[in-house]
Amino acid sequence: MPDIHWEAPFCGEGSACFRIGTDSASNAYIGVAGAENVYLTDTREALRALIRVIKAGKADHLL
């Protein structure tokens, strides 16, 4: 497992808590708090792009 620096969990109302992390190789990680050994990983730029489209409302249909 890579050496991941996890941020504090982000918890929505009544849902699972997600964590975002990074490593020294500029990779970004998304995991569920308490289960950080299973994660989604990509580049930091890919994570930035994901956050931008979510903030722009392009994932609202998933709610």
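Residues numbered from 1 in each chain as written. Predicted model: local features only at pLDDT ≥ 70, side-chain atom pairs only at ≥ 80, totals over all residues. Heavy atoms only, no water.

1. A short note on the confidence of the model for the protein chain
Counted only if it meets this: Values of pLDDT, the confidence the predictor places in each residue, fall between 0 and 100. Runs of E in the DSSP output that reach at least two residues are strands. Runs of H or I that reach at least four are helices, and both are numbered from the N terminus.
Here the protein chain shows a mean pLDDT of 91. Residues at 70 or above account for 97%. Strand β1 (residues 5-6) holds the highest mean pLDDT among the elements of the protein chain, 96, whereas strand β2 (residues 10-11) holds the lowest, 91.

2. What about the state of the cysteines?
Note the following rule: Sulfur atoms of two cysteines make up a disulfide when they are within 2.5 Å. Throughout this description, buried means an accessible area under 20% of the type-specific maximum (1.4 Å probe, protein chains only), exposed means over 50%, and partly exposed covers the range between.
In total, this model carries one disulfide according to the counting rule given. Here Cys11 connects covalently by a disulfide to Cys17, the sulfurs 1.9 Å from one another. Judged by the sign of its S-S torsion, about 115 degrees, the bond between Cys11 and Cys17 is right-handed. You can call Cys11 partly exposed: its relative accessible area is 42%. Judged by relative accessible area, Cys17 falls into the partly exposed class, the value being 22%.

3. Topic: helix α1 (residues 44-55)
The test is simple: What a helix should span is 1.5 Å times the count of its residues minus one.
When the terminal C-alpha atoms of α1 are compared, their 16 Å separation across 12 residues agrees well with the 16 Å that a helix rising 1.5 Å per residue should span. Directly beyond the C-terminal end of α1, a positive phi value near 90 degrees is found at Gly57.

4. Things to note about the pairing of strand β5 (residues 39-43)
Let me state the cut-off plainly: Strand pairing is assigned whenever DSSP identifies at least 2 bridges connecting the two strands.
Across five bridges, strand β4 (residues 27-32) lies against β5 in antiparallel orientation. Bridged to Ala28 within β5 is Asp42. Hairpin geometry of β4 and β5 is characterised by an intervening segment of six residues between the two adjacent antiparallel strands and by a positive phi of about 95 degrees at Gly34.

5. Focus on the pairing of strand β3 (residues 17-22)
When a strand is regular, its side chains alternate between the sheet's two faces. Alignment of β1 against β3, held across two bridges, turns out to be antiparallel. Residue Trp6 lies in a different strand from β3, and its bridge partner there is Gly21. Summarising the sheet, β2 and β3 pair through two bridges and their orientation is antiparallel. From the neighbouring strand, Phe10 faces β3, where its bridge partner is Phe18. With five bridges joining them, β3 and β4 adopt antiparallel strand pairing.

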